[in-house]
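Geometric and topological summary
Here is what each chain is made of, one letter per residue.
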Amino acid sequence: HVLFHPVADNVLASASGDLTIRIWDITNGSEKVQLTGCSEIIQSISWSYNGSLLCSSCRDKKLRVFDVRSGKVAMETSGHQGVKGSRAVWMGDLDKIATTGFSRTSDRQIFVYDTKNFGTPIIQENIDTSSVIQEYDPQRGMGYLPKRAVNTSEVEVARLYKLHSNAVEPFHSVFPRKSDNFASDIYTDTCDGKPALTCEEFFSGKDANPLLFNLKDGFVPVKREFSVDNAAAAATLAQNDEKMPTSEKELKEAYKEMKKEIEQLKSTITQKDIKIRQLEAQLEQMNIAK
């Protein structure tokens, strides 16, 4: 997963198979913070409104909130208990997190957590069972167009892009109005996409909310040129070059090390698969007993 910071310029969060979340300064191409604490694959990440916190859902069925700059787990609680994936998203400027996932019996669920009382969800809703999905066209993913880019002249309130196997399909949400006047009661101030903090200000401990603007006059995108600190990038590249094998002997050693790591990963995956099958068998026995 990769996700740009909502407020600070050129700050990026990434999560990968090494069970860490890393925060990057992409101007200098450097890692600033490494967040640890997840014991299984990280399934989603989401920034808080001002980007001082970051939440994650994980395959270990835990929901965690990290203090980004200290690198510590600020809050942790149990999430959805099903074996399938879960996702978490921060609910705008509220101190709340919404999650989707599955129960032990494969019921689809939506939970809402209050970060001021993080122990148990304040809302728990079961939607349906997983078998219902067979009635619909499978999808690869989806994403919303930023609110600042919707067509206000047609009173478009949202636009969703759905990814299929070989196409991207847009869905428009329009609120019909007879008047051609700007619908000020519908369009509240929204994020204009400009950074409120520099990368340096954020990592020094400064916080700020996203910059907002009114959609009445329309959104005019500002052309931004991305600049890289060439000296820092060159230093990073030089460090990487030092680690690269240059002789046939070094290449053979690197190949052996890589092969060893692959075998270890295969062994770990096999052990995890066995454990999953054992847990599924136990779960099935429990359901039969019920």
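Quantities reported herein were computed from a predicted structural model and do not represent experimental measurements.

Points about the UniProt feature "repeat: WD" (unreviewed entry) in the protein chain
According to UniProt, the feature "repeat: WD" (unreviewed entry) maps to residues 1–34 and 35–76 in the numbering used here. Secondary structure across residues 1–34 divides into 0% helix and 53% strand, with the first and last C-alpha atoms of the span separated by 14 Å.

Remarks on the sheet that holds strand 9 (residues 87–90)
Pairing in this open sheet of four strands is antiparallel, and the strands run 9-10-11-12 from one edge to the other. Either end of the sheet is taken by a strand with one partner, and the two such strands are strand 9 and strand 12 (123–129). Put simply, the sheet's adjacent strands are angled 15° from each other on average, direction ignored. Judged from the five bridges that link them, strand 11 (residues 107–114) and strand 12 form a sheet pairing that is antiparallel. Note that in strand 12 the partner of D107 across the bridge is T129.

A short note on the packing of aromatic side chains
One pass over the full model with this rule turns up four aromatic pairs. On the basis of an interplanar angle of 65° and a centroid distance of 6.3 Å, the ring pair of F111 and Y113 is categorised as edge-to-face. With respect to burial, F111 and Y113 carry one shared label: buried. Residues F182 and Y187 carry aromatic rings whose centres are separated by 5.5 Å and whose planes lie at 25° to one another, so their mutual orientation is stacked. Judged by relative accessible area, F182 falls into the partly exposed class, the value being 23%.

Here's the deal with the side chain of Q43
Along the chain, Q43 falls in strand 5 (residues 42–47). Excluding anything up to four places from it in sequence, Q43 contacts H1, S57, C58, R59, G85, S86 and R87.

Here we look at the pairing of strand 9
Because side chains alternate across strand 9, one face comprises the buried residues A88 and W90, and the other comprises R87 and V89, none of which is buried. One ladder, built from four bridges, connects strand 9 with strand 10 (residues 96–102); its direction is antiparallel. Residue pairing for strand 10: W90 is matched across the bridge by I97.

Some points on the environment of T115
Here T115 is to be found in the loop between strand 11 and strand 12. Not counting residues up to four positions away in its chain, the partners in contact with T115 are M75, W90, D95 and I97.

Section: the sheet that holds strand 4 (residues 30–35)
If you walk across this open sheet you meet the four strands as 1-2-3-4, and the pairing is antiparallel. One side of each edge strand has no neighbouring strand; the edge strands of this open sheet are strand 1 (2–4) and strand 4. Neighbouring strand axes in the sheet, compared pairwise and without regard to direction, differ in orientation by 25° on average. Sheet topology note: the strand 2 (residues 11–15)/strand 3 (residues 21–25) ladder contains five bridges and is antiparallel. Considered in strand 3, the bridge of A13 is made with I23.

With respect to the nonpolar core
With 21 residues, the main nonpolar core has I21, I23, I45 and L54 as its most contacted residues. Counting only elements with at least two residues in this core, the list comes to strand 2, strand 3, strand 4, strand 5, strand 6 (53–58) and helix 1 (199–203). Leaving out residues up to four positions away in the same chain, I45 has contacts with H1, L3, A13, A15, I21, L54, C55 and S56. Among the nonpolar cores identified, the runner-up in size contains ten residues, and L63, A88, W90 and I97 belong to it.

Some words on unusual backbone geometry
We note that N10 has phi near 60°; this positive angle belongs to a residue other than glycine. Structurally, the position occupied by N10 is in the loop between strand 1 and strand 2. Phi is positive for L19, which is not a glycine, with a value near 70°. Following the sequence through the fold, L19 ends up in the loop between strand 2 and strand 3. Of the residues examined, L19 reaches a relative accessible area of 25% and is grouped as partly exposed.

Quick notes on the rules
Residues numbered from 1 in each chain as written. Predicted model: local features only at pLDDT ≥ 70, side-chain atom pairs only at ≥ 80, totals over all residues. Heavy atoms only, no water. UniProt positions renumbered as here; feature names shortened; annotations may be inferred. Helix = DSSP H or I, 4+ residues; strand = E, 2+ residues; numbered from the N terminus. Pairing = 2+ DSSP bridges. Axes fitted to C-alpha atoms, helices over the stretch in contact; angles between N-to-C directions. Phe/Tyr/Trp six-rings, centres within 6.5 Å; stacked < 30°, edge-to-face > 60°. Buried < 20%, exposed > 50% of the residue type's maximum accessible area, 1.4 Å probe, protein only. Contact = heavy atoms within 4.5 Å. Core = buried A, V, L, I, M, F, W, Y, C linked by side-chain atoms within 4.5 Å.

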